[in-house]
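Remarks on the overall topology
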Amino acid sequence: MKKLSILFAAVVMFMSFGVAKAQKVATADVSAILNMMPEKIKAEEQLKAFSTAKQAEIEKLATVWQADVEKYKAAAEKMTQPQREAKEGELTKTQQQIQAMSQAAQKDFNEKSEAAYGPIEKRLNDAITRAAKANGWDFVFDSATNGLIYKAGPDATAAIKKELGL
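One structure accompanies this document, and this report is about it. (Residues numbered from 1 in each chain as written. Predicted model: local features only at pLDDT ≥ 70, side-chain atom pairs only at ≥ 80, totals over all residues. Heavy atoms only, no water.)

**Digging into the nonpolar core**
Judged by nonpolar contacts, the single largest core of 18 residues is most densely connected at Leu 34, Met 37, Leu 124, Trp 137, Ala 156, Ile 160 and Leu 164. Taken together, the elements giving at least two residues each to this core come down to strand E1 (25-28), helix H2 (30-36), helix H4 (81-135) and helix H5 (157-164). Among the elements that line this core, the one with the most residues is H4, at six residues. The residues touching Ala 156, leaving out its near neighbours within four places in the chain, are Ala 26, Thr 27, Ala 28, Trp 137 and Val 140. Counting eight residues, the second-largest nonpolar core is a separate cluster that includes Trp 65, Val 69, Tyr 72 and Ile 98. (Core = buried A, V, L, I, M, F, W, Y, C linked by side-chain atoms within 4.5 Å. Buried < 20%, exposed > 50% of the residue type's maximum accessible area, 1.4 Å probe, protein only. Helix = DSSP H or I, 4+ residues; strand = E, 2+ residues; numbered from the N terminus. Contact = heavy atoms within 4.5 Å.)

**Here we look at the pattern of salt bridges**
Under the counting rule described, the total for this entry stands at five salt bridges. Here Glu 163 ties to Arg 130 by a salt bridge, and the two come within 2.8 Å at their closest N and O atoms. With a gap of 33 residues between them, Glu 163 in helix H5 and Arg 130 in helix H4 connect regions that are remote in the sequence. In this structure Glu 163 comes out as partly exposed when scored by relative accessible area, which is 32%. (Salt bridge = Lys/Arg side-chain N within 4 Å of Asp/Glu carboxyl O.)

**Comments concerning H4**
In this model, H4 (55 residues) spans 79 Å end to end at C-alpha, consistent with the 81 Å of a helix rising 1.5 Å per residue. Helix geometry: H4 is bent most strongly at Tyr 117, by close to 30°, with proline Pro 119 lying one to four residues after it. In the core, the buried residues of H4 are packed alongside H2, helix H3 (38-75), strand E2 (139-142) and H5. Gly 136 lies just past H4 and shows a positive phi near 75°. (Expected span 1.5 Å × (residues − 1). Bend = angle between axes of the 7 residues up to and from the residue.)

**A short note on the packing of H3 against H4**
Interaxial distance between H3 and H4 falls to 10 Å at its minimum, and their mutual angle equals 175°. With respect to their mutual orientation, H3 and H4 come out roughly antiparallel. Looking at the contact of H3 with H4 residue by residue, the classes come out as 17 nonpolar, five polar and twelve charged. (Axes fitted to C-alpha atoms, helices over the stretch in contact; angles between N-to-C directions. Parallel < 35°, antiparallel > 145°, perpendicular 65-115°, else oblique. Nonpolar A, V, L, I, M, F, W, Y, C, P; charged D, E, K, R; others polar.)

**Describing the side chain of Thr 157**
As for its position among the elements, Thr 157 is in helix H5. Within the structure, Thr 157 has its side chain in polar contact with the backbone nitrogen of Asp 29 (distance 2.9 Å). Not counting residues within four places of it along the chain, the set of residues in contact with Thr 157 comprises Thr 27, Ala 28, Asp 29 and Ile 33. (Polar contact = N/O pair within 3.5 Å; in protein donor to acceptor, adjacent residues only side chain to side chain.)

Nothing here speaks to function; it is geometry throughout.
Have a look at this one:
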């Protein structure tokens, strides 16, 4: 009985080693591939232009608001209480509008970013899948990921670039 269990354990170990050995693993520098994709470069330029325009618009309003605050501080002593309260309310309302505009701009940027990068990521993932199938790789790890446990194996970067036409 003891010999049978030892034999069974040996067979299980041999089979598991054979299965693990049969799996092919490759690594790819996904970040480098992404940075070479023309559509990613174009998306980054468009997002940067959008962000710069929104930021300039918000800064312009903030500058006008700041100037109004300085004017109010200089003239506050000469104003009546109701005038001060009205001006403070106006300044607070403008400040809230600037904050709301900033939040809306951030939301718009995030939506544009997701819309721009979604198809790029899909195209890259499809290329990785095609390259893995063509080369018989069972797993492809991102070589730049800190959580990577196993980094040996063939480098899939060139095959993925080929699939993307880069």
